[in-house]
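One-letter residues, chain by chain:
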Amino acid sequence: MNQDNQSSYIQGFSKWGLQKKLEFMSSLTGIDINVLMKYAWPDEDIANIINKLSENTVAHFPFPYGLAPNFKIQDETHVLPLVTEESSVVAALANAAKIWYTKGGFRNKVLGTIKKGQIHVFWSGQPELFFKRFSKFKSKLLDATRNISGRMEKRGGGVLGVELLDKTKELPNYYQLDVSFNTLDAMGANFINTVLEKMAQEFEKNMAQEFPGELPVEVVMSILSNFTPDCLVKAWVECPIESLDDVIKGMPGAEFASRFQKAIQISQVDVSRAVTHNKGIFNGIDALALATGNDWRAIESAGHAYAARSGKYQGLTKVYIDEKMFSFSIELPMNIGVVGGVTNLHPMAALSMKILKNPSGNELMGMFAVVGLASNFAAITALIGQGIQQGHMKLHLDNILQQLGADKNQSQKAREFFKGKTVSYANVEEYISNLK
Ligand code: MEV
């Protein structure tokens with residue numbers, strides 16, 4: 001550490017009280033403490049709950065919380081709560097919901113709910129003997145975790161099984177204990193990790209007993225896998241091609257279907273397009289994940305890995321057209337929960353659950369697949385039609401006007417002036433400064 005680094009190094013920051021942390025932030029930014037305090041949620045009870053979700057909390061970072069109505073899912077109408085900072089996402093979803101409302105709505109099906117975790121171990125002894133002795137004490141691993149999984153088992157879930165996998169061809173001496181779980185309505189990360197850590201201890205104990213005097217087995221780590229290809233959900237829409245007439249103004253249904261299909265085909269063959277295609281899918285999924293307090297990083301990483309499962313990264317949606325019908329679907333892993341974690345703790349996430357009519361875990365998995373499909377439908381429809389910039393720019397203009405501190409009158413004039421014109425920060429800035 002050089003001298004400057006030494007003087008700026010902070011000792012024990014986490015132990016500082018809020019006031020001291022705010023003073024520090026004030027010294028960093030030159031912003032008055034009274035102003036910084038306005039960045040906190042005004043209700044103290046709610047603020048206290050949110051503070052405890054993470055560490056070193058000094059403020060709360062609000063995103064817009066919006067609603068997309070008219071989602072017909074399995075013949076029932078839903079309103080989806082969505083948290084996103086990106087303009088157009090909620091409007092696009094509301095529009096997709098409206099289009100499909102009169103065409104039969106969205107359908108979904110949960111294809112599997114199995115989740116996995118692994119105990120990663122290194123063992124330099126004889127493989128055959130390892131497998132033989134492991135099968136002898138395998139049931140003890142399950143017995144040792146019963147007090148953790150008992151409640152989950154009573155409700156029909158729990159640990160489903162444990163397998164020893166030989167990975168030595170990929171990495172010398174590397175084996176895995178691959179453990180399967182059903183965590184029911186919970187995402188189950190804590191449950192899975194607790195079971196795995198306990199199981200690892202029992203495994204080490206049994207290995208020491210089975211192979212006395214030999215080099216001990218090395219447990220490197222025990223952790224759930226966020227790759228959940230067996231916790232899978234599908235959503236789809238379907239309608240006669242002719243009922244797609246005018247989804248894009250003036251475009252016949254057959255032309256719409258054909259252009260739409262080409263856009264999907266491109267996402268299957270070209271990785272540059274596939275990544276953007278899937279990003280649009282996650283615009284909707286992440287917004288619902290945030291609103292419901294679900295772990296969007298886990299959902300994203302599983303989704304992207306699934307998109308690359310063939311060895312080539314591809315779009316997550318598929319389209320099928322015959323002479324009469326247009327079908328559009330998505331299939332992706334969805335590890336989410338409706339109990340545990342932040343879902344019930346965060347007051348806004350709890351509110352979202354009420355808006356969603358308190359779905360079961362499987363029902364919410366279906367909604368996630370639907371919102372991803374709808375988001376992609378909206379994006380492709382815009383892209384094969386007028387493009388996305390026209391819609392985006394209206395909202396973008398509002399953001400720029402806000403940044404420039406334009407008043408109501410100036411904003412009104414700017415909206416009129418920029419109708420059909422190119423919106424850029426420089427253009428708008430020049431226009432507003434001329435007005436001023
Ligand atoms: C923008 O956030 C998302 C899109 O780029 C998705 C897509 O291109 O499919 C519009």
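Residues numbered from 1 in each chain as written. Predicted model: local features only at pLDDT ≥ 70, side-chain atom pairs only at ≥ 80, totals over all residues. Heavy atoms only, no water.

Participant: Can you break down the domain arrangement of the chain residue by residue, with the values?
Facilitator: Many authors give the size of an interface as the accessible area that is lost as the parts come together. Each assigned domain of the chain is listed here: domain 1 (13-62), domain 2 (65-111 + 229-387), domain 3 (115-224) and domain 4 (391-435). Centre-to-centre separation of domain 1 and domain 4, based on C-alpha positions: 33 Å. (Domains from an automatic or database assignment.)

Participant: Now, about the site of the ligand: what can you tell me, with residues and values included?
Facilitator: Around the ligand sit Glu86, Arg273, Thr276, His277, Lys279, Gly280, Asn283, Ala379, Leu383 and Ile388, and that is every residue in its neighbourhood. Within the side chain of Glu86, one N or O atom sits 2.5 Å away from an oxygen atom of the ligand. Between the ligand and Arg273, the relevant distance is 2.7 Å, taken from an oxygen atom to a side-chain nitrogen or oxygen of the residue. Contact with the protein chains removes 87% of the 300 Å² of surface that the ligand exposes when unbound. Elements with a minimum of two residues in the shell around the ligand: helix 10 (271-291) and helix 13 (361-384). (Near = heavy atom within 4 Å. Polar contact = N/O pair within 3.5 Å; in protein donor to acceptor, adjacent residues only side chain to side chain. Areas by Shrake-Rupley, 256 points an atom, 1.4 Å probe, with all protein chains shown as cover. Helix = DSSP H or I, 4+ residues; strand = E, 2+ residues; numbered from the N terminus.)

Participant: Mind laying out the nonpolar core, listing which residues take part and the relevant values?
Facilitator: One finds Phe71, Phe260, Phe326 and Phe377 to be the most contacted residues of the largest nonpolar core, which totals 63 residues. With 13 residues, the top contributor of residues to this core is helix 13. Residues in contact with Phe260, not counting those within four places in the same chain, are Val319, Phe326, Phe328, Phe377, Ile380, Thr381 and Ile384. Within the second largest apolar cluster, 26 residues are counted, among which are Phe130, Tyr175, Met199 and Phe211. (Core = buried A, V, L, I, M, F, W, Y, C linked by side-chain atoms within 4.5 Å. Buried < 20%, exposed > 50% of the residue type's maximum accessible area, 1.4 Å probe, protein only. Contact = heavy atoms within 4.5 Å.)

Participant: Quick one: what's the story with the packing of helix 9 (residues 253-269) against helix 10, residue by residue and with numbers?
Facilitator: For the pair helix 9 and helix 10, interaxial distance at closest approach is 6 Å and the crossing angle is 115°. Here helix 9 is positioned roughly perpendicular relative to helix 10, judged by the angle of their axes. Once helix 9 is placed against helix 10, the crossing between them reads as left-handed. Listed contacts from helix 10 to Ile264, Ile266, Ser267 and Val269 of helix 9 are Val271, Arg273, Ala274 and His277. Partitioning the contact of helix 9 with helix 10 into residue classes produces five nonpolar, two polar and one charged. (Axes fitted to C-alpha atoms, helices over the stretch in contact; angles between N-to-C directions. Parallel < 35°, antiparallel > 145°, perpendicular 65-115°, else oblique. Left-handed = near helix turned anticlockwise from the far one by under 90°. Nonpolar A, V, L, I, M, F, W, Y, C, P; charged D, E, K, R; others polar.)

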